[in-house]
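Listed below, chain by chain, are the residues.
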Amino acid sequence: MKKMLETMPQVGKVCWIGLRPGRGEPIQVVDQVNATLASGLEGDRFNGPTGAKRQITLIQNEHIESVKSILDRSELSAELLRRNIVVSGINLQALKDKHFRIGEAILFGTGNCPPCSQMETALGPGGYNAMRGHGGITARVVEEGAIDLNAKVTMLADRLCGEPAGGKDN
């Protein structure tokens, strides 16, 4: 089982990047962002200090398509979902509790990113339930670097016997 959990030949890519500058403020869509140990993504309000579990939020484009289908919508803007990074071609759930490279940065998948009650307002009635199981993951920065549109997303072999670089993930 351990070998299967650590085997991921798929390489994903970044499809969209958004920053939330302040509570209730519109998302700023960008082509590049710097991931830092001190604050997560530069310019995002949901930043956290070194070791914070929720410095960055990620969602799969494939899950956005699922939510769109569940809600019977022809379009669904990533801005409405208020996540930082949309990726495609790789299963984000497999990156939980793992190190992964995204562009020049190395992140550690810290957990699920369940929907909040704002999804009911943003997506309409049933929006919260449509997002359940499709909210993506949270991550923290382990090594700083730039993240660009179309950057590759790859799982890395566990480091330090399963512990995140820089210490335990507590």
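In case you missed it, the structure is sitting above this.
What comes next is a walk through the structure. Since the model is a prediction, treat every value here as computed from it, not as a measurement.

## Quick word on unusual backbone geometry
Positive phi values are uncommon outside glycine, yet aspartate 72 reaches one of about 55 degrees. The exposure class of aspartate 72 is exposed, given its relative accessible area of 71%. Despite not being glycine, arginine 82 has its phi angle at roughly 55 degrees, a positive value.

## Quick word on the layout of surface pockets
If you add up the space inside the largest pocket, you get close to 290 Å³. Along the walls of the largest pocket sit 17 residues, with Arg45, Phe46, Arg82, Cys116 and Gln118 positioned nearest its centre. Of all the elements in the fold, those that place two or more residues in the lining of the largest pocket are α3 (78-81) and α4 (118-123). The greatest single-element share of the lining of the largest pocket, amounting to three residues, is contributed by α4. Its residues placed into classes, the lining of the largest pocket shows eight nonpolar, two polar and seven charged.

## Looking at the state of the cysteines
Scanning all chains against the criterion turns up zero disulfides. The thiol of cysteine 113 is unpaired, and the distance to the nearest cysteine sulfur, on cysteine 116, comes to 8.5 Å. Cysteine 113 sits in the buried class, given a relative accessible area of 1%. For cysteine 116, a relative accessible area of 36% puts it in the partly exposed group.

## Comments concerning empty space enclosed by the protein
This model, assessed by the stated rule, comprises one cavity of 30 Å³ or more. Lining the largest cavity are Gln60, His63, Leu92, Gln93, Gly133, His134, Gly135 and Gly136. Residues that form the lining of the largest cavity fall into these classes: one nonpolar, seven polar and no charged.

## Let's talk about helix α2 (residues 61-70)
The set of residues buried in α2 consists of Ile64, Val67 and Lys68. One face of α2 carries all of its buried residues, which in axial projection span an arc of 100 degrees. Along α2, the residues that are exposed and aim more than 90 degrees away from the buried face are Ser69 and Ile70. Against β5 (56-60), α3, β6 (85-88), α4 and α5 (127-131) lie the buried residues of α2. The first or second residue beyond α2 is aspartate 72, which carries a positive phi of 55 degrees.

Reading the values: rules and limits
- Residues numbered from 1 in each chain as written.
- Predicted model: local features only at pLDDT ≥ 70, side-chain atom pairs only at ≥ 80, totals over all residues.
- Heavy atoms only, no water.
- Buried < 20%, exposed > 50% of the residue type's maximum accessible area, 1.4 Å probe, protein only.
- 1 Å grid on protein atoms, 1.4 Å probe; cavity = no way out; pocket = protein on both sides within 12 Å on 5 of 7 lines; lining within 4 Å.
- Points joined across faces, edges and corners; volume = space filled by probe spheres on them.
- Helix = DSSP H or I, 4+ residues; strand = E, 2+ residues; numbered from the N terminus.
- Nonpolar A, V, L, I, M, F, W, Y, C, P; charged D, E, K, R; others polar.
- Disulfide = S-S within 2.5 Å.
- Arc of directions from axis to C-beta.
- Contact = heavy atoms within 4.5 Å.

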